[in-house]
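# Remarks on the overall topology
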Amino acid sequence: LQHAAASSTPHEKWLPLLGLLTGMRLAEMVYLQPRDLVQVRDDWTLDIRTDLEFGDDEDKERPIKNANSRRVVALHGFLVECGFVKWMQEQKGEFIFPRYHRVADPADQAQKDMGRVMRALGIHRPHVAVFHSLRHNAKDWLRQVVSERTADIQCGHVPQSVGGRYGFLTLQPNEISEIALARLPNEVDFSAYLDPNPKLRV
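For the structure given in this document, a descriptive report is provided here. (Residues numbered from 1 in each chain as written. Predicted model: local features only at pLDDT ≥ 70, side-chain atom pairs only at ≥ 80, totals over all residues. Heavy atoms only, no water.)

On to the pairing of strand β1 (residues 37-40). One face of the sheet, then the other: side chains in a regular strand alternate in exactly this way. Pairing analysis gives 4 bridges linking β1 to strand β2 (residues 43-47), with the strands arranged antiparallel. The partner of Leu-37 across the bridge, within β2, is Leu-46. Hairpin connection, β1 to β2: the antiparallel pair is bridged by 2 residues, and Arg-41 has positive phi, about 55 degrees. (Pairing = 2+ DSSP bridges. Helix = DSSP H or I, 4+ residues; strand = E, 2+ residues; numbered from the N terminus.)

The next point concerns helix α9 (residues 173-180). Listed as buried for α9 are Glu-175, Ile-176, Ile-179 and Ala-180. Burial along α9 is one-sided: seen end-on, the buried residues are contained in an arc of 140 degrees. Taken together, the buried residues of α9 touch β1, β2, β5 (72-74), α7 (133-145) and α8 (148-155). (Buried < 20%, exposed > 50% of the residue type's maximum accessible area, 1.4 Å probe, protein only. Arc of directions from axis to C-beta. Contact = heavy atoms within 4.5 Å.)

Applying the stated criterion across every chain yields a total of 8 aromatic pairs. Centroid distance Trp-14 to Trp-87: 6.0 Å. Interplanar angle 35 degrees. Geometry classified as tilted. One end of the pair, Trp-14, is in helix α2 (residues 10-22); the other, Trp-87, is in helix α5 (residues 84-90), and 73 residues separate them in sequence. Like Trp-14, the residue Trp-87 is buried in the burial classification. A network of ring pairs unites the aromatic residues Trp-14, Phe-84, Trp-87, Phe-97 and Tyr-193 as a single cluster. (Phe/Tyr/Trp six-rings, centres within 6.5 Å; stacked < 30°, edge-to-face > 60°.)

Moving on to unusual backbone geometry. A positive phi angle is found at Arg-41, which is not glycine, with a value near 55 degrees. Examined against the element boundaries, Arg-41 turns out to sit in the loop between β1 and β2.

On the surface, a cluster of negative charge is made up of Asp-56, Asp-57, Glu-58, Asp-59 and Glu-94. Its location among the elements puts Glu-94 in the loop between α5 and α6 (106-120). (Patch = residues over 30% accessible without salt bridge, like charges linked within 9 Å, V, L, I, M, F, W, Y side chains within 5 Å. Areas by Shrake-Rupley, 256 points an atom, 1.4 Å probe, with all protein chains shown as cover. Salt bridge = Lys/Arg side-chain N within 4 Å of Asp/Glu carboxyl O. Lys, Arg positive; Asp, Glu negative; His and termini not counted. Charge placed at Lys NZ, Arg CZ, Asp CG, Glu CD.)

Our next topic: the environment of Ala-107. Topologically, Ala-107 is positioned in helix α6. Accessibility expressed as a relative area gives 17% for Ala-107, which makes it buried. Separated by 79 residues in the primary sequence, Ala-107 and Glu-28 place their C-alpha atoms 8.2 Å from one another. Filtering out sequence-adjacent residues up to four positions away, Ala-107 remains in contact with Ala-27 and Val-30.

Functional significance is not addressed by these values, which are geometric in nature.
Right, dumping it as structure tokens:
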């Protein structure tokens, strides 16, 4: 994460941190729009249940893997502390990562970019140490700090037990707060993201 935190490009800086602390798929993150940032009581979320909006043009269906992927994603408080939420609030374009919407397949380009960065750092191993591994790491961490059911809903998975599928399958305010206030993964050093003078360019 230290390399990502030092990057001057938004996609290299924020995608790894967002993946690790939300469990979102890279293909979900590249389609985030500024309006997807929604406050729920004292906490922040990304609401990816809606279609994509393009001003006066017709809305387009959000590329989503399956029905469970249309969800509310809780943001950990560190994403406020390190400036991600403020940065996202300041974005004025249609997408917060516009770089990927200059090509035909935004998700594929993002995978290539993140793979290139990981190979340059010597941490990429096919099928083992890839960007998607962050989603698995996030799920493992979430299981330690919230209930299995809450972790499933956060990541867009169907709860495994019959009982777990009862009730709301959208995160409720108390569950959002649990994730927002959860202890960070012990084995990860997040301090590089607390640089008081981040330098970002589009």
